[in-house]
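Single-letter residue listing:
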Amino acid sequence: MKKIIRRKLLQWARPRLAREFETRFLRQSNLSRLTDRPDSDIIVTGYPKSGNTWFQHLLSGILYGVPGGRAPHELIELLVPDVDGTAYYRRLSDPMFFKSHHPSTHRYKRVIYLVRDGRDAMVSYYHWLKAEGRNDLRFSDLLDSPSLEYGCWHEHVDGWLANPYQADMLVVKYEDLKKKPVDILTEVCSFAGIDSDRQHLEWVIQECCFNNLQKKENTQGYYKNFKTFRRGVVGSYRDEMPEDFLAEFEKVAGPVLKRLGYL
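Counting of residues starts from 1 at the beginning of each chain's written sequence and follows it residue by residue. Only residues with pLDDT of 70 or above have their local features reported here, since the model is predicted, and side-chain atom pairs are shown and tallied only from 80 upward, although totals for entire chains, interfaces and linings are computed over all residues. Only hydrogens and water are set aside when side-chain values are computed; all heavy atoms of the structure are taken into account.

Caption draft 1: Local environment of the pattern of salt bridges. Just to be clear on terms, a salt bridge is a Lys or Arg side-chain nitrogen sitting within 4 Å of an Asp or Glu carboxyl oxygen. Scanning the model with the defined rule gives 10 salt bridges in all. The partner of Asp 141 in a salt bridge is Arg 138, and the shortest N-O contact between them spans 3.2 Å. In this structure, Arg 198 engages Glu 202 in a salt bridge whose closest nitrogen and oxygen atoms are separated by 3.3 Å. Note that Arg 198 and Glu 202 are positioned in helix 8 (residues 198-207) at a spacing of four residues, about one turn of the helix. For every residue, the accessible area obtained with a 1.4 Å probe (protein chains only) is divided by the maximum for its type, and the residue is called buried under 20%, exposed over 50%, and partly exposed between those limits. Using a relative accessible area of 39% as the deciding quantity, one classes Glu 202 as partly exposed. Numbering of helices and strands starts at the N terminus; helices are DSSP runs of H or I of at least 4 residues and strands are runs of E of at least 2.

Written out as structure tokens, the structure reads:
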């Protein structure tokens, strides 16, 4: 009987001791739990390959004056943490910005939603998944929601545009960000309550231009063989997406593509 009681006490005590140790460690290291972040923080989310990492670099420059085209990726991750990459973060500003790919969720109260022409996003995501090791992947698999970590493109986009949880949300189109970056980043700053200076924004945009980010990736590397900044062209699907899949994709995702002005 004593052994049973002792075992039960240990089972109860270990999680409690672990939590106490974690709390003490966080206090000493000036870290916070990701789950404890305030609702005032802003989540930058979007389907994979919609400009999320590019935007992460832009924010690092806007908020902290970091030259994104030269700064180590580890620093960018510290300044604008990826919610899938860490359980803890260091609070450096208010609000803090976080990168995500998550579908619509009640947990995000303030959101910048990045959206890109699904045909271009699919081409880029296809190459990313192949580099990740999915050698048997076919374009048609990109319409199979259960086989994709974040679901299908049109479901992800439709879910966020519907905004069922009434998040305070700004939608940013990848194509607009490339065409008129100063105007779009001025909107972002206004949404976030950040004082914007046109000269500073122009410097950030130049530092984070595609060529600089691609050059940095080639020299520093990010994800082994992966190419985050592979091509970055608007309309790349025209010479990269098989015609039969293009027809099928436009059939399935057509309503969302039309809603966003891509068709």
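Caption draft 2: Structural context of the sheet that holds strand 5 (residues 110-115). Reading across the sheet, the four strands line up as 4-2-5-6 and stay open at both edges, with parallel pairing between neighbours. Two strands lie at the open edges of the sheet, namely strand 4 (97-100) and strand 6 (168-173), each paired on one side alone. Neighbour to neighbour, the strand axes of the sheet diverge by 20 degrees on average, direction disregarded. Where strand 2 (residues 42-46) lies against strand 4, four bridges are found, and the strand directions are parallel. Residue pairing across strands places Thr 45 opposite Ser 100, the latter belonging to strand 4. Any two residues whose heavy atoms approach within 4.5 Å are treated as being in contact. A fitted line through C-alpha atoms represents every axis, and for helices the fit uses only the stretch in contact; the resulting angles, taken between N-to-C directions, go from 0 to 180 degrees. In the packing of helix 5 (residues 153-162) onto the sheet, contacts are made with strand 2, strand 5 and strand 6, and the angle to strand 5 comes to roughly 145 degrees. Packing against the sheet, helix 7 (residues 181-192) makes contact with strand 2, strand 4, strand 5 and strand 6, and its axis sits at approximately 170 degrees to strand 6. At least two bridges found by DSSP between two strands are what make those strands a pair.

Caption draft 3: Examining the environment of Tyr 174 more closely. Mapped onto the secondary structure, Tyr 174 falls in helix 6 (residues 174-179). We classify Tyr 174 as buried; its relative accessible area is 7%.

Caption draft 4: Up close: the pairing of strand 5. By the criterion of burial, strand 5 is predominantly enclosed, with six of the six residues buried. Across the two faces of strand 5 the burial is the same, with Arg 110, Ile 112 and Leu 114 and Val 111, Tyr 113 and Val 115 all buried.

Caption draft 5: Up close: the state of the cysteines. The rule for a disulfide is simple: a pair of cysteine sulfur atoms within 2.5 Å. The final tally for this structure, using the stated rule, is zero disulfides. Lacking any disulfide linkage, Cys 208 is separated from the closest cysteine sulfur, that of Cys 209, by 8.2 Å.

Caption draft 6: Examining the nonpolar core more closely. One finds Met 122, Tyr 125, Leu 142, Trp 153, Val 157 and Leu 260 to be the most contacted residues of the largest nonpolar core, which totals 38 residues. For this core, the leading source of residues is helix 4 (residues 118-131), giving seven residues. Aside from chain neighbours lying at most four places away, what touches Tyr 125 is Tyr 47, Pro 48, Lys 49, Leu 142, Leu 148 and Tyr 150. By size, the runner-up hydrophobic cluster in this structure holds 31 residues, among which are Ile 62, Leu 177, Ala 192 and Cys 208. Take the buried residues of types Ala, Val, Leu, Ile, Met, Phe, Trp, Tyr and Cys, join any two whose side-chain atoms come within 4.5 Å, and each joined set is a nonpolar core.

Caption draft 7: Spatial organisation of helix 7. For a helix, the expected span equals 1.5 Å multiplied by the residue count minus one. Taking 1.5 Å of rise per residue, 12 residues should cover 16 Å, and helix 7 covers 16 Å from first to last C-alpha, within 8% of that figure. Along helix 7, the residues that are buried comprise Pro 181, Val 182, Ile 184, Leu 185, Val 188, Cys 189, Phe 191 and Ala 192. Among the residues trailing helix 7, Gly 193 stands out with phi positive, at a value near 75 degrees.

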